[in-house]
Amino acid sequence: MTQSSTATTTIVHRPFGGTDGYRVVTDRASRVVVHAFPLADLAAVAAAGLLAGGCTYVLAGGGLAYIGESGRPMRRLAEHAADSAKAFATDAFVIGGCDGAAFDKSIGLDFQFRLTKQAVEAGSVAVTKGANPVRPDLPAADRSTHDRIFADALRLLHDAGCGIFAPTGPAGGLDAPLPPSPPDAPTAPPPEAAPADAADSGPMAIGVSAMPVDGESFELRYCNLWARGYRSGARFVVAAGSEIRTNTNGSVDAITRKRREELFRAGVIAAIPGLSDRRRLMVDVAFATESIAAKITCGAHTAPPWTPIAARAVVLSA
């Protein structure tokens, strides 16, 4: 496996020009190629005809990531782009073989398993999954070959701008210490605290799983914070990967304050490297109403409403 002390050369080709669009990232000493592009440019990338064959891919955005594999990447990515459950994704990174060295199914499955494991252990994003990837049963000779290819893939992903596989360090884990409470967040609500809405007093469920999504997904923006949520039956769920504001306004009601304290004590909120004003929610949390979900997410009694995430349709020409 290539050591960190070994000099390497990465080539970044931009088929469409510019600086922020489609990039094809390679190393002439490696059989790996990484295609990186905004998901909004999927149709243009498909039309260029540069992306085909077996691959593993990463969809990332909004503190979330999804990792899959496919033998027909453009068709699969188009399906994801039209899926409301993947509405968080803003960028795609497709890892495949260079000309004459296409990935076979075993590499795609193996790299899906390895990248999922690496992203979960790094902890910089919440990884959404369908079924848990399973490591394929490979002969020792194939596994050692995959080890070398995978090391190159990680390096090229980093050079392509995909930083979710780098460890966040001690400050980024679930056990990271919380910052001290700000002056406007006393333990007990002040006398002028707003009364709680009766509908908001329902239970909060931390770490719910396999919740069915009723229709569209929603987003919430407040003080640089971004969160995603969805309706499920009679409850509203704030999705893993959403951001939770660190500070609590002094005017919030007692229910909001208590629920936020419970959430921060539950060990399901991680520090975001370089940011102190918000934290990353690592699990889905269900609330009685959209209102209390917004209040707890924002730490504010008057929080903005959840708004539908616009659906994206991608049409691929034949």
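Each remark here, short or long, concerns the structure printed above.
Residues numbered from 1 in each chain as written. Predicted model: local features only at pLDDT ≥ 70, side-chain atom pairs only at ≥ 80, totals over all residues. Heavy atoms only, no water.

(A) Spotlight on the pattern of salt bridges. Enumeration according to the criterion identifies 15 salt bridges in this entry. A salt bridge links Lys 117 to Glu 121; its shortest N-O distance comes to 2.8 Å. With Lys 117 and Glu 121 both in helix 3 (residues 105-122) and four residues apart, the pair spans about one turn of that helix. Residue classification places Glu 121 among the exposed residues on the basis of a relative accessible area of 57%. Glu 290 is paired through a salt bridge with Arg 231; the nearest N and O atoms lie 2.7 Å apart. Separated by 59 residues along the polypeptide, Glu 290 in helix 6 (residues 290-298) and Arg 231 in strand 10 (residues 225-232) bring together distant segments of the chain. Linked by salt bridges that have partners in common, Asp 110, Arg 114, Arg 135 and Asp 147 make up one network. (Salt bridge = Lys/Arg side-chain N within 4 Å of Asp/Glu carboxyl O. Helix = DSSP H or I, 4+ residues; strand = E, 2+ residues; numbered from the N terminus. Buried < 20%, exposed > 50% of the residue type's maximum accessible area, 1.4 Å probe, protein only.)

(B) How the structure looks around the packing of aromatic side chains. Under the criterion given, the structure shown has seven aromatic pairs. Where Phe 103 meets Phe 111, the ring centres are 5.7 Å apart and the plane angle is 80°; that geometry is what we call edge-to-face. Residue Phe 103 is classed as buried on the basis of its relative accessible area, which comes to 6%. Ring centres 6.1 Å apart and planes at 55° place the aromatic pair Phe 218 and Phe 236 in the tilted group. Taken together, the residues span a long stretch of sequence, with Phe 218 in strand 9 (residues 217-222) and Phe 236 in strand 11 (residues 235-238) at a distance of 18 residues. Each member of the pair, Phe 218 as well as Phe 236, carries the same accessibility label: buried. Within the aromatic cluster, the residues linked to one another by ring pairs are Phe 16, Tyr 22 and Phe 37. A cation sits over an aromatic face here: Lys 86 above Tyr 66, 4.5 Å from the ring centre. It is Arg 114 that lies over the ring of Phe 150; its NZ or CZ is 5.4 Å from the centre. (Phe/Tyr/Trp six-rings, centres within 6.5 Å; stacked < 30°, edge-to-face > 60°. Lys NZ or Arg CZ within 6 Å of the ring centre and 35° of its normal.)

(C) Layout of the nonpolar core. Judged by nonpolar contacts, the single largest core of 25 residues is most densely connected at Val 58, Ile 95 and Phe 165. If you list the elements that add at least two residues to this core, you get strand 3 (32-38), strand 5 (64-70), strand 6 (91-97), helix 3 and helix 4 (140-159). The element best represented in this core is helix 4, accounting for five residues. Within the second largest apolar cluster, 24 residues are counted, among which are Phe 37, Leu 42, Leu 51 and Ala 89. (Core = buried A, V, L, I, M, F, W, Y, C linked by side-chain atoms within 4.5 Å.)

(D) Quick look at the sheet that holds strand 14 (residues 278-281). Ordered in space as 12-14-13, the three strands form an open sheet in which the pairing is antiparallel. Strands at the two margins of the open sheet, each flanked by one partner only, are strand 12 (243-245) and strand 13 (269-271). Shown here is a sheet whose adjacent strand axes are inclined to one another by a mean of 45°, direction ignored. Here strand 12 runs beside strand 14; their pairing, made up of three bridges, is antiparallel. Bridging across to strand 14, Ile 244 finds its partner in Arg 279. Packing of helix 5 (residues 254-265) onto the sheet brings it into contact with strand 12, strand 13 and strand 14, and relative to strand 12 it is tilted by some 125°. (Pairing = 2+ DSSP bridges. Axes fitted to C-alpha atoms, helices over the stretch in contact; angles between N-to-C directions. Contact = heavy atoms within 4.5 Å.)

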